[in-house]
Amino acid sequence: MLASIDVGSNTVRMMCGRIEQGRLLPLLYEREITRLGGGFTDQRGLSPESIERTLLALERFAAILHQQQPSALRVVGTAALRRAVNRQDFVARVGQRTGLELEVIDGQQEARLSALGVLEALQPQPEAVLVIDIGGGSTELVLLERSRIRFRESYPLGVVRLCEEVCDRQQRKLQIDAVLDRFVVDLTRSNAAELLRAANCEFVGTAGTVTTLAAIDLKMARYDWRRINNHCLSRQTLADQYALLEPLEIAQREQLPGLETGRGDLILPGIEILQALLTRFSHRHIRVSDFGLLEGLLLDLHAASID
């Protein structure tokens, strides 16, 4: 059995699984919203409160892993830790409190691993796909053709950052548009823009924002990743969801089936990112993958074990 932990800017997640007949079989999944990127400042980095919340979650996960005894484990941190001036202190405290060896990966690695996990969930696999991984502190965009990466990049556009640092909707729109402008320039330089605009290129979203929107659309009182995988969200559905959620208080949003506590204030910036992407590239819908970074880590561990 293999195990992976993703210490994200909003959520800490853990998965144990194995590879059977060439396919990933998840066996155990745990998640906890700790908002590690909450209260972040450039000068201080991670806040003491967010550090403690995350350490408590990791202590719980470490206790579970002690019982499960996986043959291989990889623990990674992403955007909030990449930015934080106190990340080394946090990594050290994780080791002291839990015995876990936390590795802060760069955006390129995160993009590759997320895409690897996403492809595992897609049935059938499209010839061309843009993987959109919206996190708390960054968004990874990966363009693949026949499972081969043609472009990958991480951008400083996450829902926690937008929610806490850019409160005005119009200012968020300007920031999102600026990042998409940069994305188009990067694509053009990599000679991949034509592939993205091709009629057969499919948009696939992963991570909490997109899976939450799918769960809301499915009115899912109890989360089921099997129903989430390959569910499609149209531009009209996203517009309807925004119109439903915007006038509600955060607590009211979190009473809706599919929207868990801790995401009520983050969901609107997430929809705004998706709407901007679909509008910019004239796509009608986005397919959803529950699989992503966690699953990519497991697949990567398996590949390393057989090399």
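Preceding this paragraph is the structure being described.
Residues numbered from 1 in each chain as written. Predicted model: local features only at pLDDT ≥ 70, side-chain atom pairs only at ≥ 80, totals over all residues. Heavy atoms only, no water.

Undergrad: For this particular structure, what's the right way to read the overall build of the chain?
TA: Counting secondary structure elements, the chain contains 13 helices and 11 strands. Relative to a compact globule of 307 residues, whose C-alpha radius of gyration would be 19 Å, the chain shows 18 Å and is just as compact. Considering only C-alpha atoms, the chain reaches an extent of 50 × 45 × 40 Å along its principal axes. For the chain, the distance from the average position of its 36 positive side-chain charges to the average position of its 40 negative side-chain charges is 2 Å. (Helix = DSSP H or I, 4+ residues; strand = E, 2+ residues; numbered from the N terminus. Rg over C-alpha atoms; globule rule 2.2 N^0.38 Å. Lys, Arg positive; Asp, Glu negative; His and termini not counted. Charge placed at Lys NZ, Arg CZ, Asp CG, Glu CD.)

Undergrad: Teacher, can you tell me more about the sheet that holds strand β4 (residues 72–77) here?
TA: The strands that make up a sheet are held in pairs by hydrogen bonds between backbone atoms, and each pair lies either parallel or antiparallel. Taken in spatial order, the 5 strands make up an open sheet running β3-β2-β1-β4-β5, and their pairing is mixed. If you trace the sheet from one side to the other, it starts and ends with β3 (23–33) and β5 (102–104), each paired once. Averaged over all neighbouring strand pairs, the angle between strand axes comes to 25°, with direction disregarded. Docked against the sheet, helix α13 (residues 293–306) engages β1 (2–7), β2 (11–20), β3 and β4, running at close to 140° with respect to β1. (Pairing = 2+ DSSP bridges. Axes fitted to C-alpha atoms, helices over the stretch in contact; angles between N-to-C directions. Contact = heavy atoms within 4.5 Å.)

Undergrad: Whenever I open this one, the pattern of salt bridges confuses me. Can you help?
TA: Two side chains of opposite charge can pair, provided their charged atoms sit close to one another. This structure, assessed with the given rule, holds 25 salt bridges. In this structure, Arg13 engages Asp6 in a salt bridge whose closest nitrogen and oxygen atoms are separated by 3.0 Å. Both residues of the pair, Arg13 and Asp6, belong to the buried class. Measuring nitrogen to oxygen at the nearest pair gives 3.0 Å for the salt bridge that ties Arg280 to Asp181. Of the two residues, Arg280 sits in helix α12 (residues 267–280) while Asp181 sits in helix α6 (residues 169–189), which places them 99 residues apart along the sequence. Accessibility expressed as a relative area gives 28% for Arg280, which makes it partly exposed. The network of salt bridges with shared partners includes Arg74, Glu103, Arg112 and Asp300. (Salt bridge = Lys/Arg side-chain N within 4 Å of Asp/Glu carboxyl O. Buried < 20%, exposed > 50% of the residue type's maximum accessible area, 1.4 Å probe, protein only.)

Undergrad: Any chance you could explain the side chain of Thr34 here in plain terms?
TA: Positionally, Thr34 belongs in the loop between β3 and α1 (48–68). Once you skip the residues sitting within four places of it in the chain, Thr34 turns out to touch Asn10, Val12, Ser50, Arg53, Thr54 and Ala57.

Undergrad: How should I be thinking about the packing of helix α8 (residues 208–217) against helix α10 (residues 235–245) in this particular structure?
TA: Each pair of packed helices gets described by two things: the angle between the helix axes and the distance between those axes. Interaxial distance between α8 and α10 falls to 11 Å at its minimum, and their mutual angle equals 85°. Taken as axis vectors, α8 and α10 run roughly perpendicular relative to one another. Facing Leu213, Ile216 and Asp217 of α8, the residues of α10 in contact are Thr237, Leu238 and Gln241. Partitioned by chemical class, the residues of the contact of α8 with α10 number 3 nonpolar, 2 polar and 1 charged. (Parallel < 35°, antiparallel > 145°, perpendicular 65-115°, else oblique. Nonpolar A, V, L, I, M, F, W, Y, C, P; charged D, E, K, R; others polar.)

Undergrad: Would you mind going over the environment of Ala79 with me for this structure?
TA: As for its position among the elements, Ala79 is in helix α2 (residues 79–83). We classify Ala79 as buried; its relative accessible area is 5%. Each C-alpha atom of the pair Ala79 and Gly8 lies 7.2 Å from the other, and the pair is 71 residues apart in sequence. When residues no more than four places from it in sequence are discounted, the contact partners of Ala79 are Ser9, Glu110, Gly137 and Ser138.

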